[in-house]
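Spelled out, the chains give:
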Amino acid sequence: MKKITPTPTFSFSKIYCSLFGHDYLLSKNVTHHIKEYTCSHCGEQATTNSRGRLEVMTPKLKEINNALASVHAKKQARTNPDTPFQAAS
């Protein structure tokens with residue numbers, strides 16, 4: 001019979017964030033108006049939605065942001081030929 005030990009999920013940083021709120025820092029500029037943020041205390045990730053409000057990062061939103069970032073980079077490279085662009089293979 002396998003013994004399953006529970007993993008501790010207690011963290012002072014999570015308690016701090018639940019009491020005082022998250023301290024989000026900019027981690028990535030996806031486009032000019034969409035950005036990704038990371039909490040400096042607990043590491044929770046968030047992104048801006050279509051209305052400009054913060055949303056907790058999900059795998060689906062991360063995939064959407066990656067696709068938007070690649071499209072935005074290609075568009076910037078096309079409109080600004082001085083900037084070298086290397087396409088992902």
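Residues take numbers from 1 onward in each chain, read along the sequence in its written order. This being a predicted model, a pLDDT of at least 70 is required before a residue's local features are given, and a value of 80 or more before pairs of side-chain atoms are given or counted; all residues contribute to the totals for chains, interfaces and linings. Just so you know, side-chain values use all the structure's heavy atoms and leave hydrogens and water out.

Chemist: How should I be thinking about the overall build of the protein chain in this particular structure?
Modeler: For the protein chain, the count of helices and strands is 2 helices and 4 strands. A helix here means a DSSP run of H or I that spans at least four residues, while a strand means a run of E at least two residues long, and both kinds are numbered starting from the N terminus. Counting from the amino terminus, helix and strand elements in the protein chain follow one another as α-β-β-β-β-α. In the protein chain, which comprises 89 residues, the proportion classed as buried is 18%. The criterion used for residue contact is that any of the two residues' heavy atoms lie within 4.5 Å. Across the protein chain, the fraction of contacts at a sequence separation of at least 24, relative to all contacts at a separation of at least 6, is 24%. Between buried and exposed lies partly exposed: a residue is buried under 20% and exposed over 50% of the maximum accessible area for its type, with that area taken using a 1.4 Å probe on protein chains only.

Chemist: I keep staring at helix H2 (residues 59-79) and nothing clicks. Help me out?
Modeler: In this model H2 runs 30 Å from its N-terminal to its C-terminal C-alpha over 21 residues, within 8% of the 30 Å that 1.5 Å per residue would give. What H2 keeps buried is the set Leu-61, Asn-65, Ala-69, His-72 and Ala-77. Buried positions in H2, seen along its axis, are confined to an arc of 135° and lie on one side of it. With respect to the buried face of H2, the exposed residues turned more than 90 degrees away are Pro-59, Lys-60, Glu-63, Val-71 and Arg-78. The span one expects for a helix is its residue count, reduced by one, times 1.5 Å. By construction, the arc corresponds to the directions joining the helix axis to the C-beta atoms.

Chemist: When you look at the pattern of salt bridges in this model, what are you seeing that I'm missing?
Modeler: For side chains bearing opposite charge, pairing can occur when the charged atoms are close. A pairing counts as a salt bridge when a side-chain nitrogen of Lys or Arg comes within 4 Å of a carboxyl oxygen of Asp or Glu. Counted by the stated rule, this structure contains 1 salt bridge. Lys-62 is the partner of Glu-36 in a salt bridge, and the nearest nitrogen-oxygen pair spans 3.8 Å. Of this pair, Glu-36 sits in strand E2 (residues 35-39) while Lys-62 sits in helix H2; the two residues are 26 residues apart in sequence, bridging distant segments of the chain.

Chemist: Honestly, the pairing of E2 in this entry has me stumped. Any pointers?
Modeler: Put simply, side chains in a regular strand alternate between the two faces of the sheet. One requirement defines pairing of two strands: DSSP has to find at least two bridges between them. Pairing geometry for strand E1 (residues 24-29) and E2, over 5 bridges, is antiparallel. Each bridged residue has a counterpart across the sheet, and for Asn-29 the counterpart in E2 is Lys-35. What sits between the antiparallel neighbours E1 and E2 is a turn of 5 residues. Across 3 bridges, E2 lies against strand E3 (residues 45-48) in antiparallel orientation. Residue pairing across strands places Tyr-37 opposite Ala-46, the latter belonging to E3. Connecting E2 to the antiparallel partner E3 that follows it, the hairpin turn spans 5 residues, and Gly-43 within it adopts a positive phi of roughly 85°.

Chemist: Sorry if this is basic, but what is going on with the packing of aromatic side chains here?
Modeler: Aromatic ring pairs: the centre-centre distance and the angle between the two ring planes describe each pair. Two aromatic rings from Phe, Tyr or Trp, using only the six-membered ring of Trp, form a pair when their centres are within 6.5 Å; if the ring planes differ by under 30 degrees the pair is stacked, by over 60 it is edge-to-face, and anything between is tilted. Enumeration over the complete set of coordinates arrives at 1 aromatic pair. With 4.9 Å between their ring centres and 50° between their planes, Tyr-16 and Phe-20 make a pair best called tilted. Linking Tyr-16 with Phe-20, this pair stays in helix H1 (residues 12-20), spanning 4 residues, or about one helical turn. Residue classification places Phe-20 among the exposed positions, given a relative accessible area of 61%.

Keep in mind that these numbers describe shape and distance, not what the molecule does.
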